[in-house]
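Inside the fold
What follows is each chain in one-letter form.
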Amino acid sequence: MGKADFLSPKAISNRIKAKGLQKLRWYCQMCQKQCRDENGFKCHCMSESHQRQLLLASEDPTKFMDYFSDEFKNDFLELLRRRFGTKRVHNNIVYNEYISDREHVHMNSTQWETLTDFTKWLGREGLCKVDETPKGWYIQYIDRDPETIRRQEEQAKKKKQELDDEERSARFIEEQVRRGRDGKDTDETPVYTELSRESEEEKVVFNLSSSSSVAGPSKSSSALGASALKTAASSSTKRKDISSNSDSRGEKKRKSALEEIMEMEEKKKQQQSVRTDYWIQPNIVVKIITKKLGEKYHKKKAVVTEVRDKYAAVVKMIDSGDKLKLDQNHLETVIPAPGKRVLILNGPYRNTEALLEGIDEKHFCATLTLDSGQQKGKRVDIAYEDFAKLA
């Protein structure tokens with residue numbers, strides 16, 4: 001039977017059938033030959049070219065399997081990097097896009113039997129971040145490109161430099177304010193004294209300004225001078241009383257806006273100095289907020305049994321008794337009912353046990369009575385995230 005013409009219905013039908021993906025069971029990876037049906041695959045296996053390829057593979061089968069495995073891994077990771085970047089994606093979505101290419105390396109010729117085994121291998125080798133969910137396995141590419149790492153280091157250095165500039169400007173402003181305060185304190189203040197003279201014949205002079213002066217009473221008006229002295233003495237005493245009252249009122253005068261802002265900044269710095277970015281403590285009750293572990297553990301309560309490296313905790317589930325290791329970002333504090341004992345996790349009263357008195361939902365805080373430490377019995381207001389229920 002002759003070969004069909006290019007535009008004949010038979011030739012067009014053959015091209016349509018060969019265009020899409022064929023069944024994997026009728027594909028020969030060694031010969032890179034895709035057969036259309038079982039009969040065609042049987043004929044291919046009996047061909048001389050296929051037999052030669054089998055003889056080559058039988059000499060060193062590990063070499064060919066390693067080669068196909070490396071090709072599959074490199075092409076899969078390259079597609080994951082270009083198509084999805086560092087996003088978290090389902091492994092089956094990436095695999096479906098990978099096999100859409102007819103010339104791809106099939107998985108049945110590699111060392112991995114299933115896609116799940118390949119996904120687990122990527123996680124063990126540190127090539128991707130993998131996690132299992134009720135919907136299947138998810139993978140996230142880890143970018144170790146030197147150019148990307150260098151760009152991230154430059155961004156971190158730039159951010160640190162900006163923070164240093166802000167600290168330097170803040171320190172300069174504080175220095176200017178301190179110098180202004182010191183200059184204000186060293187200014188000479190006027191001193192008021194009583195009018196007095198050793199003899200009645202001495203003239204009394206009032207210096208109203210630096211360029212003018214007025215003479216007091218002369219010898220011929222001694223009687224008038226005596227009365228004038230009394231009047232002047234009484235007026236000076238009144239002025240002194242008024243000045244002392246004004247000084248006392250000045251001390252009680254409201255502080256300036258700049259001083260209030262500086263005091264607020266100092267209080268904030270003091271509070272930040274006693275705060276830390278880690279809060280996990282043993283024997284507290286926490287709630288799991290991450291969805292990566294599935295619905296079995298989401299929004300369920302657990303007790304912290306061990307703290308590792310300040311930021312990680314080994315928790316024991318209250319309902320099932322399972323033990324998990326989680327980061328503090330995947331946990332949140334549990335607020336008990338009023339009257340229960342809690343532990344303060346952050347701030348100036350860190351590691352202090354207290355009694356929950358009441359909850360202020362409007363300001364997202366609670367009123368606690370300290371039950372240990374030097375300030376036992378003191379009532380304080382603590383934010384929700386800074387205390388947790390004791391187990």
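What you see is a predicted model; the values in this text were computed from it and never measured. (Residues numbered from 1 in each chain as written. Predicted model: local features only at pLDDT ≥ 70, side-chain atom pairs only at ≥ 80, totals over all residues. Heavy atoms only, no water.)

What about the overall build of the protein chain?
Scanning the protein chain from terminus to terminus reveals 9 helices and 17 strands. For the protein chain, buried positions account for 27% of its 391 residues. Pairs at least 24 residues apart make up 45% of the contacts formed inside the protein chain by residues separated by at least 6 positions. Carbon and sulfur atoms form 50% of the exposed surface of the protein chain, whose accessible area is close to 28300 Å². (Helix = DSSP H or I, 4+ residues; strand = E, 2+ residues; numbered from the N terminus. Buried < 20%, exposed > 50% of the residue type's maximum accessible area, 1.4 Å probe, protein only. Contact = heavy atoms within 4.5 Å. Areas by Shrake-Rupley, 256 points an atom, 1.4 Å probe, with all protein chains shown as cover.)

Notes on the confidence of the model for the protein chain
Residues with a pLDDT of 70 or more make up 76% of the protein chain, whose mean pLDDT is 78. The secondary structure element of the protein chain with the lowest average pLDDT is strand β7 (residues 214-215), at 42, and the one with the highest is strand β8 (residues 285-288), at 93. Within the model, pLDDT remains below 50 along residues 210-225, and this stretch shows 13 contacts once partners closer than five positions in the same chain are excluded. (pLDDT = per-residue confidence, 0-100.)

Considering the sheet that holds strand β5 (residues 136-141)
Pairing within the open sheet is antiparallel, and its 3 strands lie in the order β3-β5-β4. Unpaired on one side and paired on the other, β3 (88-90) and β4 (128-133) mark the two borders of the sheet. Neighbouring strand axes in the sheet, compared pairwise and without regard to direction, differ in orientation by 30° on average. Of the strand pairs in this sheet, β3 and β5 are connected by 3 bridges, and their pairing is antiparallel. Across the sheet, residue Val89 finds its bridge partner in β5, namely Ile139. Contacts from helix α5 (residues 91-98) reach β3 and β5, with the element oriented near 70° to β3. (Pairing = 2+ DSSP bridges. Axes fitted to C-alpha atoms, helices over the stretch in contact; angles between N-to-C directions.)

As for the nonpolar core
Formed by 21 residues in total, the largest nonpolar core has its most connected members in Phe72, Phe76, Leu80, Val94, Phe118 and Leu122. Every element with two or more residues in this core is listed here: α4 (61-84), α5, α6 (115-125) and β5. For this core, the leading source of residues is α4, giving 7 residues. For Leu122, the residues in contact, after removing those within four places along its chain, are Phe76, Leu77, Leu127 and Cys128. Membership of the second largest hydrophobic core comes to 18 residues, among which are Ile280, Ile288, Val315 and Met317. (Core = buried A, V, L, I, M, F, W, Y, C linked by side-chain atoms within 4.5 Å.)

Re the pairing of strand β16 (residues 379-383)
Burial along β16 is one-sided: Val380 and Ile382 are buried, while Arg379, Asp381 and Ala383, pointing the other way, are not. When strand β15 (residues 365-370) meets β16, the two strands line up antiparallel, connected through 5 bridges. By the bridge assignment, Thr367 is partnered in β16 with Asp381.

Observations concerning the pattern of salt bridges
Applying the stated rule across the entire model yields 10 salt bridges. We note a salt bridge from Glu306 to Arg308, for which the minimum N-O separation is 3.3 Å. You can call Arg308 partly exposed: its relative accessible area is 34%. In this structure, a network of salt bridges that share partners links the residues Glu78, Arg81 and Arg82. (Salt bridge = Lys/Arg side-chain N within 4 Å of Asp/Glu carboxyl O.)

A closer look at the sheet that holds strand β11 (residues 323-327)
Here 5 strands make up an open sheet; going across it, the order is β11-β10-β9-β8-β12 and the pairing antiparallel. Bordering the open sheet on either side are β11 and β12 (331-333), each of which pairs with just one other strand. Strand after strand, the sheet turns through a mean of 45° between neighbouring axes, direction not considered. Examined bridge by bridge, β8 and β12 share 3 bridges and lie antiparallel to one another. If you follow Val286 over to β12, its bridge partner there is Thr333.

Let's talk about the environment of Leu127
Tracing the backbone through its elements, the reader meets Leu127 in the loop between α6 and β4. With 15 residues separating them along the chain, Leu127 and Ile142 place their C-alpha atoms 6.0 Å apart. Setting aside residues up to four positions removed in sequence, Leu127 forms contacts with Lys73, Leu77, Trp121, Leu122, Tyr141, Ile142 and Arg144.

Description of unusual backbone geometry
If a residue is not glycine, its phi is most likely negative; likewise, a peptide bond is most likely trans. Positive phi, close to 65°, is recorded for Lys299, a residue that is not glycine. Among the structural elements, Lys299 can be located in the loop between β8 and β9 (301-308). Phi is positive for Asn351, close to 65°, though the residue is something other than glycine. Along the chain, the position of Asn351 falls in the loop between β13 (341-344) and β14 (353-360).

Considerations on the pairing of strand β10 (residues 312-317)
Counting buried positions over the 6 residues of β10 gives 5, a clear majority of the element. When β9 meets β10, the two strands line up antiparallel, connected through 6 bridges. Residue Val303 lies in a different strand from β10, and its bridge partner there is Lys316. Connecting β9 to the next strand, β10, in antiparallel fashion are 3 residues, including Asp309 with a positive phi near 55°. The pairing of β10 with β11 spans 5 bridges and is classified as antiparallel. Bridge pairing links Ala312 to Asp327 in β11. Linking β10 to β11, which pair antiparallel, is a turn of 5 residues; within it Gly321 sits at a positive phi near 85°.

Here's the deal with the environment of Gly358
Note that Gly358 resides in strand β14. On a C-alpha basis, the gap between Gly358 and Thr369 in space is 9.9 Å, while along the polypeptide they are 11 residues apart.

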